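# Architecture at a glance
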Amino acid sequence: MKELRWLGFGMVFLLAACTWSENIQDGQTAYNLKKYSLATELLQKEIDHAETPYDKGKIAYLIGESYAANNQYEQAGNWYYKASDYGYESIALLKYAYMLKAQEKYDDAIKAFDTYLQEEPYRRPEMTMEKNACAQAIDWMNRQENEYERDTYVENVGALNSSGADFYPVAYRNNTLVFTSSRSTSTGDKQDTWTGDKFYDLYIATSRGIGIFDQPELFTGPFNTPFNDGTPAFSPDFNELYFVRCGTDNRKTDDYCGLYMSEYLGDGAWSDPQILPFFIDSMNVGTPCLSPDGQTLFFAAMDPDGNGGADIYYSKKNDGGWDAAVNAGNVINTPGNEVFPSFDDKGNFYFASDGHPGMGGLDIFSASWKNGKFSNVRNMEYPINSGADDFGLMMIPASEIHSADTLSAGYFTSNRKGGKGDDDIYLFTKKKKKLPPPVFVLHGTISGKVYADSLDVNSPVIDTVPMAGASGILTHAGMDTPLAKWTVQDAGTFSIHVDSLTDYRVQGSMNGYFNHSENVTTRGIKGIAGDTMHVYVDVVLDKIPVATADKGAEIKLNNIYYDYNDSSLRAESFPELDKLVILLKENPDIHIQINAHTDARGKDSYNERLSRGRANSVVAYLVEKGIDSARLSAHGYGESSPSILSTDLVLPDSTIVPKGTQLTEAFINTYKKNKDNFEFLHQLNRRTTFNVTGSTIKIESEDKKDIEIDQKPEDFRDDTPKQD
């Protein structure tokens, strides 16, 4: 008899006839007779007696082949590697690479293919394809491990599987599946000497829902013999059954696998199966399926005139039976093996191949079939495919899927790790991808102020401009550890992904400008899963003034308030002083001097004492807020430095005082007849400023829009002559 195996590793494709046990004494004979379990045992006893390293390598290679024939990829790979170490032919190294691929050790497989190329450089195109397939497999697996990219879920259908091989489910009437199995209850008392299991029979199981089945039973009819029967295909009305049969008890003939057909006679009865003579008797044929209209029969065959390995063929039904078989063409068929064709209810075609680029072993592919031609061959990807053999896809009709979240589902066969037996039936469901939570993107600008007088930072701000080259730092609010650092480009803008429900601080810095920060939060911003939520922040920097020969470097802020004739700070001053605290913390290298000024009323000595007290009050407040006292000093100027207007000033009676006017006592006295104007001008001189130590920079509280009139008591008189 003759056995046939379409792959050097993987499952039996039901194109194999049986071989009776012989009195085998050596490993080579066991291997030749495809008694692979026995071959591994005998060959391992013989390897130590081999005379040369090459002979040891040849035996190691045969051991690897025997393990691979029974899907024991790790053991096979170890022996292929030993064969290569012994100096056996380069094929051992190539088979080692394939075993790594079958174990999904894709990075190691890529290295092994590269090593093989050093010995066989003429095979670079083929090995490049293999390496690219490994890289693609890694990408597919990584994508499915991402919870927001994953869309396919696979589970073992335990109710259908046994410790033997269970594979190739097809739909039958009344919510049942018919599949092939070598479980212990199969017909006959013989075992397949290749696999050690019973020979294959057809089984049927009733479905109680997707993935839920009753206990399988033998499929009743004239199908199951003591030898291999399996891989069924039903006509659309279920009145015709096509299946594969291999083997007899005739020890004097080679039994090839052939296609058989049986007709349903009613009341559970079927006609005796008749062989379909598509090819000569000495060719193996198997894995049939019918087109959705029942008019075309597809199957696999090992024709020496084919593309190589097993090819898919088809035959069209005619009045007298079937036309001659036609090779499906090189869009589908490759020098490798193409087997297990099937269709879904929409007419899409599926098949298994180890010749098209895949993850290892057989992969399942989809294709379009139209007008007798195939196109759009596509790998079904991980996790439907794996490094092992994956084949025999049966799609579940959309009308049977009642979950709104499930896009498609089906059953397939695989000998991947984790199964109950050699080949197991699995269920896959393709679902809508889980939408990620909303993505929050912080957009912003870092810009600098543009002043009406470019040399006077106290002149009106007329614009802001992007600060190309400015630096940005993102931190959590109230913390100093940077989450991100960047340099803005010409547009002055930036965009950063941030988290939801979080408070942030964005600090900008640029040479010639004070550092400045703005707080921004994503709290309270609700988004729908999958959405991108945009949050905005603008950081505007103040220019550090540079003193010139005719102009000091001063900056004016809002007023600092005191009670009349008192050095104590009023509560209204705290917000502005807190800004100063922030400025000092954001610019930790600067030291400042606090300067307080009074108006011209009262004695000079008194005003100096009062101003010193007020300056010291500011210093005390800053120290209380955490500013190092070593960075601070205080000075009281009394009335000696009248304010100079940086802009035109509108008095309470709408009189305009021009920019540049110095508010001397003599000038203010010209407004004595208008009490509101008089007090308003004196208030402008009662101010607090600060200098950056070592320069003439001053930040001064003099913004007319925010000046609060500090009214003197009604009985106040200040007729005291001026004296020191």
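Before reading further, recall that the structure is shown in the block above.
Below is a summary of the structure that appears in this document. (Residues numbered from 1 in each chain as written. Predicted model: local features only at pLDDT ≥ 70, side-chain atom pairs only at ≥ 80, totals over all residues. Heavy atoms only, no water.)

## Structural notes on helix α9 (residues 604-624)
Taking 1.5 Å per residue as the helical rise, α9 with its 21 residues ought to reach 30 Å, and the 30 Å between its terminal C-alpha atoms agrees with that figure. Among all positions of α9, only Asp 604, Asn 607, Leu 610, Ser 611, Gly 613, Arg 614, Ala 615, Ser 617, Val 618, Val 619, Tyr 621 and Leu 622 are buried. Lining the buried residues of α9 we find α8 (574-586), β33 (592-597), β34 (632-638) and β37 (688-692). In the segment just after α9, Gly 626 is the residue with positive phi, at about 105°. (Helix = DSSP H or I, 4+ residues; strand = E, 2+ residues; numbered from the N terminus. Expected span 1.5 Å × (residues − 1). Buried < 20%, exposed > 50% of the residue type's maximum accessible area, 1.4 Å probe, protein only. Contact = heavy atoms within 4.5 Å.)

## Structural notes on the state of the cysteines
Tallying each qualifying case throughout the model produces 1 disulfide. Across the disulfide, Cys 246 is cross-linked to Cys 257 (sulfur-sulfur distance 1.9 Å). Its S-S torsion of about 120° marks the bond between Cys 246 and Cys 257 as right-handed, since a negative value means left-handed. A residue pair is termed long-range when its members are at least 10 positions apart, and Cys 246 in strand β8 (residues 240-246) and Cys 257 in the loop between β8 and β9 (258-266) qualify at 11 residues. Summarising the burial analysis for this pair, Cys 246 and Cys 257 share the class buried. (Disulfide = S-S within 2.5 Å.)

## Quick look at the packing of helix α5 (residues 91-102) against helix α6 (residues 106-119)
Close contact between α5 and α6 brings their axes to 8 Å; oriented N to C, the two are set at 165°. With respect to each other, α5 and α6 are oriented roughly antiparallel. Between α5 and α6 lies a crossing whose hand is left-handed. Of α6, the residues touching α5 (which contributes Leu 93, Leu 94, Tyr 96, Ala 97, Tyr 98, Leu 100 and Lys 101) are Tyr 106, Asp 108, Ala 109, Ala 112, Phe 113, Thr 115, Tyr 116 and Glu 119. Its residues placed into classes, the contact of α5 with α6 shows 11 nonpolar, 1 polar and 3 charged. (Axes fitted to C-alpha atoms, helices over the stretch in contact; angles between N-to-C directions. Parallel < 35°, antiparallel > 145°, perpendicular 65-115°, else oblique. Left-handed = near helix turned anticlockwise from the far one by under 90°. Nonpolar A, V, L, I, M, F, W, Y, C, P; charged D, E, K, R; others polar.)

## Side note on the packing of aromatic side chains
Per the stated rule, a full pass over the model turns up 45 aromatic pairs. Measuring from ring centre to ring centre gives 5.4 Å for Phe 279 and Tyr 313, while their planes differ by 80°; the resulting arrangement is edge-to-face. With Phe 279 in the loop between β11 (274-275) and β12 (285-290) and Tyr 313 in strand β14 (residues 311-318), the pair connects residues that are 34 residues apart, well separated along the chain. Taken as a pair, Phe 279 and Tyr 313 share a single burial class, namely buried. Among the aromatic side chains, those forming a connected cluster through ring pairs are Tyr 172, Phe 219, Phe 223, Phe 234, Phe 238, Phe 243, Tyr 260, Tyr 264 and Trp 270. A cation over a ring is seen here: Arg 183 above Tyr 203, with NZ or CZ 5.2 Å from the ring centre. We note Arg 245 situated over the ring of Tyr 260; from NZ or CZ to the ring centre the distance is 5.4 Å. (Phe/Tyr/Trp six-rings, centres within 6.5 Å; stacked < 30°, edge-to-face > 60°. Lys NZ or Arg CZ within 6 Å of the ring centre and 35° of its normal.)

## As for the packing of α6 against helix α7 (residues 124-145)
How two helices sit against one another is set out by the angle between their axes and by the gap between those axes. The N-to-C vectors of α6 and α7 enclose an angle of 170°; their axes lie 9 Å apart at closest approach. With respect to α7, the element α6 is oriented roughly antiparallel. Contacts from Tyr 106, Asp 107, Ala 109, Ile 110, Phe 113, Asp 114, Tyr 116 and Leu 117 of α6 reach α7 at Arg 124, Met 127, Glu 130, Lys 131, Cys 134, Ala 135, Ala 137, Ile 138 and Met 141. Residue composition of the contact of α6 with α7, by class: 12 nonpolar, no polar and 5 charged.

## Some thoughts on the sheet that holds strand β29 (residues 503-509)
Taking strand neighbours across the sheet as the criterion, the 4 strands line up as β27-β26-β29-β30 in an open arrangement whose pairing is antiparallel. Either end of the sheet is taken by a strand with one partner, and the two such strands are β27 (482-487) and β30 (516-521). When the angles between neighbouring strand axes are averaged without regard to direction, this sheet yields 20°. Both strand β26 (residues 471-476) and β29 contribute to a ladder of 6 bridges, which runs antiparallel. Within β29, the position partnered with Ile 473 by the bridge is Gln 507. (Pairing = 2+ DSSP bridges.)

## Side note on the sheet that holds strand β20 (residues 373-379)
The pairing of strands in a sheet happens through backbone hydrogen bonds and is either parallel or antiparallel. If you walk across this open sheet you meet the 4 strands as β17-β18-β19-β20, and the pairing is antiparallel. Edge positions in the sheet fall to β17 (338-343) and β20, since each of these pairs with one other strand and no more. Ignoring strand direction, the axes of neighbouring strands in this sheet form an average angle of 30°.

## Let's talk about the layout of surface pockets
Here the second largest pocket is characterised by a volume of approximately 900 Å³. Lining the second largest pocket are 37 residues, with Ala 171, Phe 238, Met 394, Met 395 and Pro 397 sitting closest to its centre. Where the lining of the second largest pocket is concerned, the elements lending two or more residues are β2 (166-172), β3 (176-181), β4 (201-209), β7 (228-234), β12, β17 and β21 (390-395). Per element, the largest residue contribution to the lining of the second largest pocket is 5 residues, and it comes from β2. Looking at the lining of the second largest pocket residue by residue, the class counts come to 24 nonpolar, 9 polar and 4 charged. (1 Å grid on protein atoms, 1.4 Å probe; cavity = no way out; pocket = protein on both sides within 12 Å on 5 of 7 lines; lining within 4 Å. Points joined across faces, edges and corners; volume = space filled by probe spheres on them.)

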